[in-house]
Amino acid sequence: MTGDELRLARIRLGKMWGWNRAVFASELGRALLNPARDPGEMIRDHESRRGVAIPWPLASSVQLLLNGALPPGGIPVRYYDLTVKRPRAA
């Protein structure tokens, strides 16, 4: 899996999880239990290297999610939707 494929995987995961948008990098990082202060930093770093293969632990975890496995803590909470006060287009 390359950085481009990781970006496409976030879009596909958003559709699989019933969201009208791609999964944010921070949401994917939290779903994969990344303990960093910014859990999406690793995802964004690998996506920026578009044609370079990402490390196999990340690739295999994302592939499991794409195959229908749920993240360890379930589908992550959509914090963006809880903080934005304007109505979202349906």
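The preceding data block contains the structure.
Description of the structure in this document.

**Points about the overall build of the chain**
Right, so step 1: In terms of regular secondary structure, the chain is built from five helices and zero strands.
Right, so step 2: Secondary structure elements of the chain, listed N to C terminal, follow the sequence α-α-α-α-α.
Right, so step 3: Residues counted as buried form 32% of the 90 residues belonging to the chain.
Right, so step 4: In the chain, 62% of the contacts between residues at least 6 apart in sequence involve partners at least 24 apart.
Right, so step 5: Accessible area of the chain: about 5700 Å², with a carbon and sulfur share of 58%.

**A few points about the nonpolar core**
Right, so step 1: With 16 residues, the main nonpolar core has Leu-6, Leu-13, Trp-17, Leu-28 and Val-62 as its most contacted residues.
Right, so step 2: Of all the elements in the fold, those that place two or more residues in this core are helix H1 (3-16), helix H2 (25-31) and helix H4 (56-66).
Right, so step 3: The biggest single contributor to this core is H4, with five residues.
Right, so step 4: Setting aside residues no more than four positions away along its own chain, Trp-17 makes contact with Val-23, Ala-31, Leu-65, Pro-71, Ile-75 and Pro-76.

**Thoughts on H1**
In an α-helix, one turn spans 3.6 residues, which is why side chains three or four residues apart end up on the same side.
Right, so step 1: If you check H1, its first and last C-alpha atoms are 20 Å apart, about what 14 residues at 1.5 Å a residue would give, namely 20 Å.
Right, so step 2: Residues of H1 that are buried: Gly-3, Leu-6, Ala-9, Arg-10, Leu-13 and Gly-14. The arc enclosing the buried residues of H1, seen along the axis, measures out at 140 degrees, which places them on a common side.
Right, so step 3: In the core, the buried residues of H1 are packed alongside H2, helix H3 (41-48) and H4.
Right, so step 4: A positive backbone phi angle near 80 degrees is found at Gly-18, which sits one or two residues after H1.

**With respect to the packing of aromatic side chains**
Right, so step 1: Applying the stated criterion across every chain yields a total of one aromatic pair.
Right, so step 2: With a centroid separation of 5.6 Å and 70 degrees between ring planes, the pair formed by Trp-17 and Trp-19 is classed as edge-to-face.
Right, so step 3: Note on Trp-19: relative accessible area 7%, which makes it buried.
Right, so step 4: Over the aromatic face of Phe-24 sits the side chain of Arg-21, whose NZ or CZ is 4.0 Å from the ring centroid.

**Here we look at the pattern of salt bridges**
Right, so step 1: Here the structure, examined in full by the defined rule, presents four salt bridges.
Right, so step 2: One salt bridge connects Arg-50 with Asp-4, and the closest N-O pair in it is separated by 2.9 Å. With Arg-50 in the loop between H3 and H4 and Asp-4 in helix H1, this pair connects stretches of sequence that are 46 residues apart.
Right, so step 3: For Arg-50, a relative accessible area of 48% gives the class partly exposed.
Right, so step 4: When the shortest N-O distance is used, the salt bridge between Asp-38 and Arg-44 registers 2.3 Å.
Right, so step 5: Assessed through its relative accessible area of 38%, Arg-44 is described here as partly exposed.

Procedures and definitions
Residues numbered from 1 in each chain as written. Predicted model: local features only at pLDDT ≥ 70, side-chain atom pairs only at ≥ 80, totals over all residues. Heavy atoms only, no water. Helix = DSSP H or I, 4+ residues; strand = E, 2+ residues; numbered from the N terminus. Buried < 20%, exposed > 50% of the residue type's maximum accessible area, 1.4 Å probe, protein only. Contact = heavy atoms within 4.5 Å. Areas by Shrake-Rupley, 256 points an atom, 1.4 Å probe, with all protein chains shown as cover. Core = buried A, V, L, I, M, F, W, Y, C linked by side-chain atoms within 4.5 Å. Expected span 1.5 Å × (residues − 1). Arc of directions from axis to C-beta. Phe/Tyr/Trp six-rings, centres within 6.5 Å; stacked < 30°, edge-to-face > 60°. Lys NZ or Arg CZ within 6 Å of the ring centre and 35° of its normal. Salt bridge = Lys/Arg side-chain N within 4 Å of Asp/Glu carboxyl O.

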